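The chain contents come next:
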Amino acid sequence: MSPRASNVALTVVQLRYQLKIFWRTPVAAFFTLVLPLVMLVLFNALFGGGSVDTGQGEWPVRQFYTGALAAFAAVSATYTNLANTVPILRDEGILKRWRGTPLPPSVYVAGMVAMGVVVALIGVVVLLGIGVVAYDLELDAAKMPAAFVTFVVGVAAFAAMGMACAAVVPNARSAPAVANATILPLAFISNVFTPLEDPPGWLDAVGDFFPLKPFVTAFQDTLHPLTDAPAFAWGRLGWVALWGVAGAIVSVKKFRWEPSAEGASPRRRRRTPAS
Amino acid sequence: MPVIEIANLVKRYGELTAVNGVSLEINEGEVFALLGPNGAGKSTVVEILEGHRDRTSGDVSVLGLDPGKAGAEYRDQIGIVLQSSGIEDELSVLEALDVYGASYSTRRDPMEVLELVGLADRAQDRVSQLSGGQQRRIDLALGIIGTPKVLFLDEPTTGFDPSARRQSWELIDGLRDLGTTILLTTHYMDEAQHLADRVGVIVGGEIAVIGTPAELMDATGDTVVRFQVPHGANTDGLRPLGAVVEGIAVSCRTATPTKTLHELTSWALAQGVELFDLTVSRPSLEDVYLQLAVSDAQPSPAPDMPETRGQQ
């Protein structure tokens, strides 16, 4: 009898297979990675000529979009991805099957979250790379630690919120609606799809309350040519982290391994669009 | 030595009592079949033992551990084949066995397990490409990948074609030979009769009867004599002998088959008629089961719908 594998080793195995599954689900890969790319190219073709001031000072719209959509890709890969995928796994009985194995539940969840984070990292690197190559984005080495920390805080928080969303939605059929209904309207008032120049005060307040705008803005600060290094936006990051903690508490308290009675579907599944 | 011990197990869902005082001991290396109509509580009992469900009251011990509190150490020693649960069908069959097997301390070689369940030639295929019956065999493979000491099989062959069922039976027989303790639920009487050392019939949340298949069949004590008489034969003389006449078909339940047979053949000789299709048989396990299940005024057992998975 060999000893059971360590939790770290098991997490690596889980991550490897979760990534494999992600890449073999073209629809998920498309919505998480390809769509932000398409949006970047389209938005820049349509509105990319001028410059914009979203609070940090004037900068070219095309660079604004690069940072905005990179941050949004990170949110799609964590929040939207997990909020869609986990309820499917639950209703398929896959979570219940895992619950019957010696794999510690925390390791299974860690593997799922790590998958989201790796996909987010790929999305951000690809989008920023395109920004540098095609849209004259200049990455300031002095601000990269802040960009990295912002990324880490953001994906951790949005992954926790994605797990919380997955825990509270009744079944896999309602998951995409809930995930999209929570993130898409916010994206319009959070400097993602449209730069906000002098928005109405209440819209500003709503945007600042929810975590998307603080995260996107904090991330853009690290790319903006006029912000000074090191460009840590601690206030915004703290607010995002608070949302993350709330998400983590909800997901720990409400997480279910059993399929929901009404959602227990035939064993076939086709993943629904992730965004 | 009992590996599974259940004493006065009760499970209530609000007003509904799903399991009402079940006590049961299953010994090491034993294959035990839990039979019962739909909703009788057999899956609830098994899910409590698997650690998937908590109990309202009663004592449960498997391998000396309480499944309600046990964690990885417990799950390392058991194998579970649930009635219906999905597999990540983006993975190949071999990959599924690899990732699910990773956390067991006593994992078997995945290819060896695929040989055992007859899927070695499908190892590289995606789970989604396999038929429903073949996916059920992956379920079995995942159940035994960790070399379990106790294996829980919830209706393991529902939806199988006859040859796949035969093959699964051989596999389960093979596991028994390796000393694995197996608790299975089934709707199929022939399955219980073929596989189980002992059978428990659970009706309305209670164990109605428990014993070896032979004991259960003996428990009714009776033997059934069946035959047919020619059209137009005078059967008046049969009724005093305890026979039931339905048209030309005659059946006679008896605790004393030798005596009954003698009386019936004497009657036939006296009447000058032949007893066609004469059989003397014990009631089948199915007769016993139906008698118990129906007498408790429970819904009669309905065979499960055939598995629909894999049929797009």
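Caption draft 1: Structural context of the overall build of chain A. Regarding its fold elements, chain A presents 10 helices and two strands. Reading the secondary structure of chain A in the N-to-C direction produces α-α-β-β-α-α-α-α-α-α-α-α. Over its C-alpha trace chain A gives a radius of gyration of 19 Å, about what one expects of a compact globule, namely 19 Å for 275 residues. Along the three orthogonal principal directions, the C-alpha set of chain A runs to about 60 × 40 × 30 Å. Of the contacts formed within chain A by residues at least 6 apart in sequence, a portion of 83% connects residues at least 24 apart. For chain A, the exposed surface amounts to about 11000 Å²; the carbon and sulfur share of it is 71%.

Caption draft 2: Just the nonpolar core, in detail. Judged by nonpolar contacts, the single largest core of 119 residues is most densely connected at Leu69(A), Tyr108(A), Phe158(A), Leu212(A), Leu97(B) and Ile138(B). Broken down by element, this core gets its largest block of residues, 17 residues, from helix H3 (residues 61–91) of chain A. Ignoring any residue separated from it by four or fewer positions in sequence, one finds Leu212(A) in contact with Val75(A), Phe158(A), Ile183(A), Leu186(A), Ala187(A), Ser190(A) and Val192(A). Grouped together as the second largest cluster of nonpolar side chains are 27 residues, Ile26(B), Ala40(B), Val62(B) and Leu82(B) included.

Caption draft 3: Region of the structure containing the side chain of Thr150(A). Along the polypeptide, Thr150(A) turns up in helix H6 (residues 144–168). Residue contacts for Thr150(A): discarding those within four places in its chain leaves Phe215(A), Ala218(A), Phe219(A), Thr222(A) and Leu237(A).

Caption draft 4: A look at the environment of Gly211(B). Residues and elements named next belong to chain B. By secondary structure assignment, the location of Gly-211 is in strand E9 (residues 206–211). Separated by 210 residues in the primary sequence, Gly-211 and Met-1 place their C-alpha atoms 17 Å from one another. In this structure Gly-211 touches Arg-198, Val-199 and Leu-216, once residues within four positions along its chain are discounted.

Caption draft 5: Here's a closer look at the interface of chain A and chain B. Across the boundary between the two partners, chain A contributes 32 residues, which contact 36 residues of chain B. Counting across the chain A and chain B interface gives five salt bridges. The partner of Glu95(B) in a salt bridge is Arg24(A), with the nearest N and O atoms 2.8 Å apart. On inspection of chain A and its partner chain B, the count reaches 13 residue pairs in polar contact (both at pLDDT 80 or more). Put simply, the parts of the chain that give the side of chain A that touches chain B at least two residues each are helix H1 (7–23) and helix H4 (94–99) of chain A. When residues in the side of chain A that touches chain B are grouped by element, the largest group, seven residues, is from H1(A). Residues that form the side of chain A that touches chain B fall into these classes: 12 nonpolar, six polar and 14 charged.

Caption draft 6: A look at the sheet that holds strand E5 (residues 78–81) of chain B. All names here are of chain B. If you trace the six strands from one edge of the open sheet to the other, you get E5-E6-E7-E3-E8-E9, paired in mixed fashion. Of all strands in the sheet, those with a lone pairing partner are E5 and E9, marking the two edges. Ignoring strand direction, the axes of neighbouring strands in this sheet form an average angle of 15°. Pairing geometry for E5 and strand E6 (residues 150–154), over four bridges, is parallel. Paired with Ile-78 across the bridge in E6 is Val-150. Docked against the sheet, helix H1 (residues 42–50) engages strand E3 (31–35), E5, E6, strand E7 (181–186) and strand E8 (198–203), running at close to 150° with respect to E7. Its contacts with the sheet put helix H6 (residues 162–177) on E3, E6 and E7, and the angle it makes with E7 is roughly 150°.

Caption draft 7: Highlighting the environment of Gly235(A). All names here are of chain A. Looking at where Gly-235 falls in the secondary structure, it is placed in helix H10 (residues 234–254). On the accessibility criterion, Gly-235 (61% relative accessible area) is exposed. Sequence separation between Gly-235 and Pro-104 is 131 residues, and the spatial gap between their C-alpha atoms is 35 Å.

Caption draft 8: Fine view of helix H7 (residues 175–188) of chain A. All names here are of chain A. Here H7 spans 21 Å end to end across 14 residues, near enough to the 20 Å set by a 1.5 Å rise per residue. Turning to H7, its buried residues are Ala-175, Pro-176, Ala-179, Asn-180, Ile-183, Leu-186 and Ala-187. Those residues of H7 that are buried are in contact with H3, H6 and helix H9 (212–221).

Caption draft 9: Region of the structure containing the sheet that holds strand E13 (residues 276–281) of chain B. Residues and elements named next belong to chain B. One open sheet accounts for four strands, arranged E11-E12-E10-E13; its pairing is antiparallel. On the outer flanks of this sheet lie strand E11 (244–246) and E13, each paired with one strand and no other. Across the sheet, the mean angle from the axis of one strand to that of its neighbour is 15°, orientation sign disregarded.

Caption draft 10: Main features of the confidence of the model for chain B. Looking at chain B, the pLDDT average stands at 85 and 91% of residues meet or exceed 70. Mean pLDDT across the elements of chain B ranges from a minimum in helix H10 (residues 285–295) of chain B, with 66, to a maximum in helix H3 (residues 93–101) of chain B, with 96.

Caption draft 11: Layout of the environment of Gln135(B). On the secondary structure map, Gln135(B) appears in helix H5 (residues 132–144). When the C-alpha positions of Gln135(B) and Ile87(B) are compared, they lie 8.5 Å apart, and in sequence the two are 48 residues distant.

Caption draft 12: Spotlight on the domain arrangement of chain B. Segmentation of chain B into domains returns domain 1 (2–217) and domain 2 (221–282). The straight-line distance from the C-alpha centre of domain 1 of chain B to that of domain 2 of chain B is 44 Å.

Caption draft 13: Geometry of a nonpolar patch on the surface. Together, Phe30(A), Val34(A), Val38(A), Leu42(A), Leu46(A) and Phe47(A) line one region of the surface with nonpolar side chains, adding up to about 540 Å² of accessible area. Looking at the element boundaries, Val38(A) is found in helix H2 (residues 26–47).

Caption draft 14: Broad picture of the side chain of Arg97(A). One can find Arg97(A) in helix H4. Since its relative accessible area comes to 9%, Arg97(A) is described here as buried. A distance of 2.9 Å separates the side chain of Arg97(A) from the backbone oxygen of Gly86(B), its partner in a polar contact. Engagement of the side chain of Arg97(A) in a polar contact is seen with the side chain of Asp139(B), the distance being 2.5 Å.

Caption draft 15: The arrangement of the pattern of salt bridges in detail. This structure, assessed with the given rule, holds 23 salt bridges over all chains. Across the salt bridge formed by Arg97(A) and Asp139(B), the nearest N and O atoms sit 2.5 Å from each other. Linking Arg97(A) in helix H4 with Asp139(B) in helix H5, this pair reaches from one chain into another. Overall, Asp139(B) belongs to the buried group, its relative accessible area being 2%. For Arg53(B), the salt bridge goes to Glu47(B), with nearest N and O atoms at 2.4 Å. The class for Arg53(B) is partly exposed, based on a relative accessible area of 22%.

Quick notes on the rules
Residues numbered from 1 in each chain as written. Chains lettered and ligands numbered in written order. Predicted model: local features only at pLDDT ≥ 70, side-chain atom pairs only at ≥ 80, totals over all residues. Heavy atoms only, no water. Helix = DSSP H or I, 4+ residues; strand = E, 2+ residues; numbered from the N terminus. Rg over C-alpha atoms; globule rule 2.2 N^0.38 Å. Contact = heavy atoms within 4.5 Å. Areas by Shrake-Rupley, 256 points an atom, 1.4 Å probe, with all protein chains shown as cover. Core = buried A, V, L, I, M, F, W, Y, C linked by side-chain atoms within 4.5 Å. Buried < 20%, exposed > 50% of the residue type's maximum accessible area, 1.4 Å probe, protein only. Salt bridge = Lys/Arg side-chain N within 4 Å of Asp/Glu carboxyl O. Polar contact = N/O pair within 3.5 Å; in protein donor to acceptor, adjacent residues only side chain to side chain. Nonpolar A, V, L, I, M, F, W, Y, C, P; charged D, E, K, R; others polar. Pairing = 2+ DSSP bridges. Axes fitted to C-alpha atoms, helices over the stretch in contact; angles between N-to-C directions. Expected span 1.5 Å × (residues − 1). pLDDT = per-residue confidence, 0-100. Domains from an automatic or database assignment. Patch = residues over 30% accessible without salt bridge, like charges linked within 9 Å, V, L, I, M, F, W, Y side chains within 5 Å.

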